[in-house]
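A closer look at the structure
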Amino acid sequence: MISNDMILNTSAFFMLFFLLAWGTCFFVFVYKRLGGPRVGKDSLLYFNFMFFKRDVLANISLAFLVLGYTSAAFLEYQREFDDLMLLANLVGGMSFLLFAIYGKYFYQGVIEYEKSFFFIKVALAKLDLTFGSVFLWLSRFAYITWLIVFIYKG
């Protein structure tokens, strides 16, 4: 069915644009940085790259991910008009951004770009009590909040 709602169509267009741009950055990463696909590892290595590397491609990829997720939240809001889910989805997008700020600027350990689950290990198991760890803890709190609301409303 074709929608005549301009806000819904605009949100859908922006979501599609940002996610296609994010996918394009993924292919550039796989073929330029990795030298070709690594079956089962390339997407996890991409997240390591995106969350921890201070690079133009990593920053653009992260921006497209956060903007795509945000536009998807507004698209979902236009479909159901659920204020709580809009807030939860925006908080979920913010958790990506907060984790990336921590990873790019405040993570003090050795960054293991070639380990597939490195970003998950840092997100879940890193116990850090420095000033910059505020971003890590806020990211965790935001993600858990999103997850609880998502499960509760689902």
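First things first, this report covers the structure right here in the doc. (Residues numbered from 1 in each chain as written. Predicted model: local features only at pLDDT ≥ 70, side-chain atom pairs only at ≥ 80, totals over all residues. Heavy atoms only, no water.)

Observations regarding the packing of helix α3 (residues 56–80) against helix α4 (residues 83–106)
Relative to each other, α3 and α4 sit at 170°, their axes nearing to 8 Å. As judged from the angle between their axes, α3 and α4 are roughly antiparallel. In this structure, α3 uses A58, N59, L62, L65, V66, Y69, T70, A73, F74, E76 and Y77 to contact α4, whose residues at the interface are D83, L86, N89, L90, G92, G93, F96, L97, A100 and K104. Residue classes in the contact of α3 with α4 are distributed as 13 nonpolar, 5 polar and 3 charged. (Axes fitted to C-alpha atoms, helices over the stretch in contact; angles between N-to-C directions. Helix = DSSP H or I, 4+ residues; strand = E, 2+ residues; numbered from the N terminus. Parallel < 35°, antiparallel > 145°, perpendicular 65-115°, else oblique. Contact = heavy atoms within 4.5 Å. Nonpolar A, V, L, I, M, F, W, Y, C, P; charged D, E, K, R; others polar.)

As for the pattern of salt bridges
Going through the model one piece at a time under the given rule, you end up with 5 salt bridges. Between K153 and D82 there is a salt bridge, and its shortest N-O distance comes to 3.4 Å. You can see K153 sitting in helix α6 (residues 133–153) and its partner D82 sitting in the loop between α3 and α4, a full 71 residues away along the chain. A relative accessible area of 38% places K153 in the partly exposed class. (Salt bridge = Lys/Arg side-chain N within 4 Å of Asp/Glu carboxyl O. Buried < 20%, exposed > 50% of the residue type's maximum accessible area, 1.4 Å probe, protein only.)

Concerning a nonpolar patch on the surface
Nonpolar side chains collect at one region of the surface, where Y143, I144, L147, I148, F150 and I151 lie side by side and expose about 590 Å² of accessible area between them. With respect to the helices and strands, L147 occurs in helix α6. (Patch = residues over 30% accessible without salt bridge, like charges linked within 9 Å, V, L, I, M, F, W, Y side chains within 5 Å. Areas by Shrake-Rupley, 256 points an atom, 1.4 Å probe, with all protein chains shown as cover.)

What to know about empty space enclosed by the protein
To find the voids left in a structure, one rolls a probe of water-molecule size over its atoms. Tallying each qualifying case throughout the model produces 1 cavity of 30 Å³ or more. Taken as a whole, the largest cavity holds about 30 Å³ of empty space. If you go around the largest cavity, the residues you meet are A73, E76, Y77, E80, D82, M85, L86 and N89. If you list the elements that add at least two residues to the lining of the largest cavity, you get α3 and α4. If one sorts the elements of the lining of the largest cavity by residue count, α3 sits on top with 4 residues. When its residues are assigned to classes, the lining of the largest cavity shows 4 nonpolar, 1 polar and 3 charged. (1 Å grid on protein atoms, 1.4 Å probe; cavity = no way out; pocket = protein on both sides within 12 Å on 5 of 7 lines; lining within 4 Å. Points joined across faces, edges and corners; volume = space filled by probe spheres on them.)

Things to note about unusual backbone geometry
Backbone geometry at F81 places phi at a positive 55°, although glycine is not the residue there. Turning to its location among the elements, F81 is positioned in the loop between α3 and α4. Residue classification places F81 among the exposed residues on the basis of a relative accessible area of 53%.

Some words on the environment of M94
Among the structural elements, M94 can be located in helix α4. For the pair M94 and Y143, spaced 49 residues apart in the sequence, the C-alpha separation amounts to 8.5 Å.

Section: the side chain of S71
Mapping S71 onto the fold places it in helix α3. Taking relative accessible area as the criterion, S71 reaches 10% and is therefore assigned buried. Not counting residues up to four positions away in its chain, the partners in contact with S71 are S11, F14, M15 and F18.

Digging into helix α2 (residues 42–52)
An α-helix turns once every 3.6 residues. As a result, residues three or four positions apart point the same way. Burial runs high along α2: 9 of the 11 residues are buried. For α2, the full list of buried residues reads D42, L44, L45, Y46, N48, F49, M50, F51 and F52. Elements in contact with the buried residues of α2: α1 (6–33), α3, α4 and α5 (118–125).

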